[in-house]
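# Tertiary structure, described
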Amino acid sequence: MTPRRIVTLLPALLAALLLVLPGLGSAVVEDPRDPDHHFFDPTFGDFQEELDEARDAGKKGILLFFEMDDCPFCHRMKNQVLNQPEVQEYFKDRFSIFAVDVEGAIEVVTFEGETKTMRDFATRDFRVRATPVFQFFNLDGEPIARFTGATRDVDEFLLLGEFVAEGHYEDGNFTRFRREHAGR
(Lines give C-alpha, C1' and ligand atoms only; values in the text may rest on other atoms or scores of the structure.)
Protein backbone atom coordinates (compact mmCIF):
# COMPACT_ATOMS: atom_id res chain seq x y z
CA MET A 1 0.00 0.00 0.00
CA THR A 2 1.40 3.36 -0.99
CA PRO A 3 1.70 6.31 1.39
CA ARG A 4 -0.79 8.22 -0.75
CA ARG A 5 -3.35 5.39 -0.39
CA ILE A 6 -2.82 5.33 3.40
CA VAL A 7 -3.47 9.08 3.61
CA THR A 8 -6.63 8.63 1.56
CA LEU A 9 -7.90 5.83 3.82
CA LEU A 10 -6.92 7.49 7.10
CA PRO A 11 -10.15 9.50 7.61
CA ALA A 12 -12.27 6.40 7.00
CA LEU A 13 -10.16 4.34 9.41
CA LEU A 14 -10.42 7.02 12.11
CA ALA A 15 -14.18 7.25 11.65
CA ALA A 16 -14.51 3.46 11.98
CA LEU A 17 -12.33 3.48 15.10
CA LEU A 18 -14.49 6.16 16.71
CA LEU A 19 -17.56 4.03 16.09
CA VAL A 20 -15.97 0.96 17.69
CA LEU A 21 -14.35 2.59 20.77
CA PRO A 22 -17.57 3.59 22.58
CA GLY A 23 -18.78 0.00 22.33
CA LEU A 24 -15.55 -1.27 23.84
CA GLY A 25 -15.84 1.14 26.75
CA SER A 26 -19.36 0.00 27.57
CA ALA A 27 -18.23 -3.63 27.59
CA VAL A 28 -15.81 -2.80 30.41
CA VAL A 29 -18.23 -0.88 32.64
CA GLU A 30 -21.85 -1.95 32.39
CA ASP A 31 -24.44 -0.02 34.37
CA PRO A 32 -22.00 1.36 36.97
CA ARG A 33 -23.53 2.19 40.35
CA ASP A 34 -22.10 4.44 43.04
CA PRO A 35 -20.10 2.19 45.40
CA ASP A 36 -20.78 4.50 48.35
CA HIS A 37 -24.47 3.57 48.10
CA HIS A 38 -24.35 0.09 46.54
CA PHE A 39 -21.13 -1.54 47.80
CA PHE A 40 -20.42 -0.13 51.27
CA ASP A 41 -22.79 -0.54 54.19
CA PRO A 42 -23.70 2.44 56.36
CA THR A 43 -22.10 2.35 59.81
CA PHE A 44 -21.76 4.36 62.99
CA GLY A 45 -18.31 2.84 63.41
CA ASP A 46 -19.10 0.27 66.10
CA PHE A 47 -17.47 -2.83 64.67
CA GLN A 48 -18.54 -5.00 67.61
CA GLU A 49 -22.13 -4.17 66.75
CA GLU A 50 -21.43 -4.74 63.04
CA LEU A 51 -20.19 -8.26 63.88
CA ASP A 52 -23.48 -9.04 65.62
CA GLU A 53 -25.46 -7.74 62.64
CA ALA A 54 -23.30 -9.69 60.17
CA ARG A 55 -23.91 -12.90 62.16
CA ASP A 56 -27.66 -12.23 62.30
CA ALA A 57 -27.73 -11.58 58.53
CA GLY A 58 -25.92 -14.87 57.78
CA LYS A 59 -22.84 -13.20 56.31
CA LYS A 60 -19.49 -14.97 55.94
CA GLY A 61 -17.60 -12.09 57.56
CA ILE A 62 -16.71 -8.42 57.40
CA LEU A 63 -14.65 -6.63 54.79
CA LEU A 64 -12.92 -3.37 55.69
CA PHE A 65 -11.69 -1.19 52.83
CA PHE A 66 -8.83 0.93 54.19
CA GLU A 67 -8.54 3.97 51.95
CA MET A 68 -7.49 7.61 51.80
CA ASP A 69 -8.74 10.55 49.75
CA ASP A 70 -5.59 11.09 47.69
CA CYS A 71 -5.10 7.43 46.76
CA PRO A 72 -5.33 6.94 42.98
CA PHE A 73 -5.62 3.15 43.38
CA CYS A 74 -8.54 3.56 45.79
CA HIS A 75 -10.28 5.77 43.24
CA ARG A 76 -9.53 3.27 40.47
CA MET A 77 -11.07 0.45 42.49
CA LYS A 78 -14.17 2.52 43.21
CA ASN A 79 -14.57 3.73 39.61
CA GLN A 80 -13.78 0.50 37.77
CA VAL A 81 -14.49 -2.44 40.09
CA LEU A 82 -16.55 -1.60 43.17
CA ASN A 83 -19.10 0.25 41.03
CA GLN A 84 -20.04 -2.89 39.08
CA PRO A 85 -23.41 -4.48 39.96
CA GLU A 86 -21.96 -8.01 39.71
CA VAL A 87 -19.29 -7.13 42.29
CA GLN A 88 -21.74 -5.32 44.53
CA GLU A 89 -24.23 -8.20 44.56
CA TYR A 90 -21.60 -10.90 45.16
CA PHE A 91 -19.92 -9.09 48.05
CA LYS A 92 -23.10 -7.71 49.66
CA ASP A 93 -24.56 -11.25 49.79
CA ARG A 94 -21.52 -12.57 51.64
CA PHE A 95 -19.96 -9.72 53.64
CA SER A 96 -20.76 -6.62 55.61
CA ILE A 97 -18.53 -3.99 54.01
CA PHE A 98 -17.21 -0.75 55.52
CA ALA A 99 -14.77 1.93 54.43
CA VAL A 100 -12.12 3.18 56.86
CA ASP A 101 -10.21 6.40 56.18
CA VAL A 102 -6.59 5.78 57.20
CA GLU A 103 -6.18 9.51 57.84
CA GLY A 104 -9.54 9.86 59.61
CA ALA A 105 -10.06 11.45 62.99
CA ILE A 106 -13.52 9.94 63.44
CA GLU A 107 -13.70 7.52 66.34
CA VAL A 108 -14.65 3.87 65.86
CA VAL A 109 -15.19 1.01 68.28
CA THR A 110 -12.84 -1.85 67.41
CA PHE A 111 -13.83 -5.51 67.31
CA GLU A 112 -12.35 -5.74 70.83
CA GLY A 113 -14.49 -2.84 72.12
CA GLU A 114 -11.78 -0.17 72.26
CA THR A 115 -12.52 3.35 71.04
CA LYS A 116 -9.89 4.91 68.78
CA THR A 117 -9.62 7.08 65.68
CA MET A 118 -9.84 5.52 62.24
CA ARG A 119 -6.22 6.58 61.72
CA ASP A 120 -5.00 4.70 64.81
CA PHE A 121 -7.22 1.71 64.04
CA ALA A 122 -5.76 1.48 60.52
CA THR A 123 -2.13 2.34 61.12
CA ARG A 124 -1.51 0.96 64.61
CA ASP A 125 -3.85 -2.03 64.78
CA PHE A 126 -3.53 -3.17 61.16
CA ARG A 127 -0.29 -1.52 60.06
CA VAL A 128 -1.82 -0.07 56.91
CA ARG A 129 1.04 1.70 55.13
CA ALA A 130 -0.26 1.73 51.56
CA THR A 131 -3.82 1.88 50.24
CA PRO A 132 -6.14 0.40 49.34
CA VAL A 133 -6.13 -2.54 51.73
CA PHE A 134 -8.95 -5.06 51.71
CA GLN A 135 -8.96 -6.70 55.14
CA PHE A 136 -11.37 -9.58 55.71
CA PHE A 137 -12.51 -10.68 59.18
CA ASN A 138 -14.36 -13.76 60.34
CA LEU A 139 -17.49 -13.44 62.47
CA ASP A 140 -15.36 -13.42 65.63
CA GLY A 141 -13.59 -10.26 64.46
CA GLU A 142 -10.34 -12.06 63.70
CA PRO A 143 -8.40 -11.07 60.56
CA ILE A 144 -8.45 -13.94 58.05
CA ALA A 145 -7.24 -12.54 54.72
CA ARG A 146 -5.70 -9.33 53.42
CA PHE A 147 -5.12 -7.90 49.96
CA THR A 148 -3.09 -4.73 49.48
CA GLY A 149 -3.42 -2.68 46.31
CA ALA A 150 -5.83 -2.61 43.42
CA THR A 151 -6.90 -5.77 41.67
CA ARG A 152 -6.34 -5.99 37.92
CA ASP A 153 -10.05 -6.08 37.13
CA VAL A 154 -13.52 -7.18 38.20
CA ASP A 155 -12.73 -10.87 37.67
CA GLU A 156 -9.72 -10.79 39.98
CA PHE A 157 -11.72 -8.99 42.68
CA LEU A 158 -14.53 -11.55 42.41
CA LEU A 159 -11.92 -14.30 42.70
CA LEU A 160 -10.63 -12.63 45.87
CA GLY A 161 -14.18 -12.71 47.25
CA GLU A 162 -14.49 -16.40 46.38
CA PHE A 163 -11.10 -17.09 47.99
CA VAL A 164 -12.38 -15.72 51.29
CA ALA A 165 -16.09 -16.62 51.20
CA GLU A 166 -15.41 -20.27 50.39
CA GLY A 167 -12.64 -20.61 52.98
CA HIS A 168 -9.75 -21.15 50.55
CA TYR A 169 -7.62 -18.78 52.66
CA GLU A 170 -7.31 -21.64 55.16
CA ASP A 171 -5.42 -23.74 52.59
CA GLY A 172 -3.00 -21.17 51.16
CA ASN A 173 -2.49 -17.68 49.88
CA PHE A 174 -4.41 -15.74 47.26
CA THR A 175 -1.49 -15.59 44.82
CA ARG A 176 -1.45 -19.38 44.51
CA PHE A 177 -5.25 -19.57 44.41
CA ARG A 178 -5.34 -16.96 41.63
CA ARG A 179 -2.69 -18.84 39.64
CA GLU A 180 -4.59 -22.13 40.01
CA HIS A 181 -7.81 -20.49 38.76
CA ALA A 182 -6.31 -18.45 35.93
CA GLY A 183 -8.24 -18.47 32.69
CA ARG A 184 -11.45 -19.96 33.94
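You'll find the structure just up there.
Predicted model, so just to flag it, every value in this text is computed and none were measured.

Turning our attention to helix α3 (residues 47-56). Within the span of α3, buried status applies to Phe47, Glu50, Leu51 and Ala54. Projected onto a plane normal to the axis of α3, the buried residues spread over an arc of 105° and lie on a single side. For α3, the secondary structure elements touched by its buried residues are β1 (61-67), β2 (95-101), β3 (107-109) and α6 (118-125). The opening residue of α3 is aspartate 46, an N-cap whose side-chain oxygen sits 3.2 Å from the backbone nitrogen of glutamine 48. Downstream of α3 by one or two residues, glycine 58 has phi in the positive range, about 75°.

Now for the environment of aspartate 153. Checked against the element boundaries, aspartate 153 lands in the loop between β6 (143-148) and α7 (154-165). Considering only alpha carbons, one finds aspartate 153 and leucine 82, 71 residues apart in sequence, at a separation of 9.9 Å. Polar side-chain contacts of aspartate 153 include one of 3.2 Å to the backbone nitrogen of aspartate 155.

Bringing α7 into the picture now. Along an α-helix, residues three or four apart share an orientation, since each turn contains 3.6 residues. The terminal C-alpha atoms of α7 lie 16 Å apart, and with 12 residues this matches the ideal 16 Å at 1.5 Å per residue to within 8%. Of all 12 residues that make up α7, 11 are buried, and the element is covered over most of its length. Regarding α7, the residues found buried are Val154, Glu156, Phe157, Leu158, Leu159, Leu160, Gly161, Glu162, Phe163, Val164 and Ala165. Looking at the packing, one finds that the buried side of α7 touches α4 (72-80), α5 (85-94), β2, β5 (133-137), β6 and α8 (174-180). Where α7 starts, the residue carrying a side-chain oxygen 3.2 Å from the main-chain nitrogen of aspartate 155 turns out to be aspartate 153. Where α7 terminates, the next one or two residues include glycine 167, which has phi positive at roughly 80°.

This part takes up the pattern of salt bridges. Counted under the stated rule, the structure contains 10 salt bridges. Lysine 78 serves as the salt-bridge partner of aspartate 36, at 3.9 Å between the closest nitrogen and oxygen. Here lysine 78 lies in helix α4 and aspartate 36 lies in helix α2 (residues 35-38), a separation of 42 residues in the sequence. Overall, aspartate 36 belongs to the partly exposed group, its relative accessible area being 47%. The shortest N-O distance in the salt bridge between lysine 78 and glutamate 67 comes to 2.8 Å. Here lysine 78, found in helix α4, pairs with glutamate 67, found in strand β1; they are 11 residues apart in sequence, far enough to count as distant. There is no split in this pair, since lysine 78 and glutamate 67 are both buried. Via salt bridges that share partners, Asp36, Glu67 and Lys78 belong to a single interconnected network.

Right, let's talk about a negative patch on the surface for a bit. On the surface, Glu86, Glu89, Asp93, Asp153 and Asp155 cluster together into a negatively charged patch. In terms of residue count, the dominant contributor to the negative patch is α5 (three residues). In this fold, glutamate 89 is placed in helix α5.

About the criteria used
Residues numbered from 1 in each chain as written. Predicted model: local features only at pLDDT ≥ 70, side-chain atom pairs only at ≥ 80, totals over all residues. Heavy atoms only, no water. Buried < 20%, exposed > 50% of the residue type's maximum accessible area, 1.4 Å probe, protein only. Helix = DSSP H or I, 4+ residues; strand = E, 2+ residues; numbered from the N terminus. Arc of directions from axis to C-beta. Contact = heavy atoms within 4.5 Å. Polar contact = N/O pair within 3.5 Å; in protein donor to acceptor, adjacent residues only side chain to side chain. Expected span 1.5 Å × (residues − 1). Salt bridge = Lys/Arg side-chain N within 4 Å of Asp/Glu carboxyl O. Patch = residues over 30% accessible without salt bridge, like charges linked within 9 Å, V, L, I, M, F, W, Y side chains within 5 Å. Areas by Shrake-Rupley, 256 points an atom, 1.4 Å probe, with all protein chains shown as cover. Lys, Arg positive; Asp, Glu negative; His and termini not counted. Charge placed at Lys NZ, Arg CZ, Asp CG, Glu CD.

Shape is all these values report; function is a separate question.
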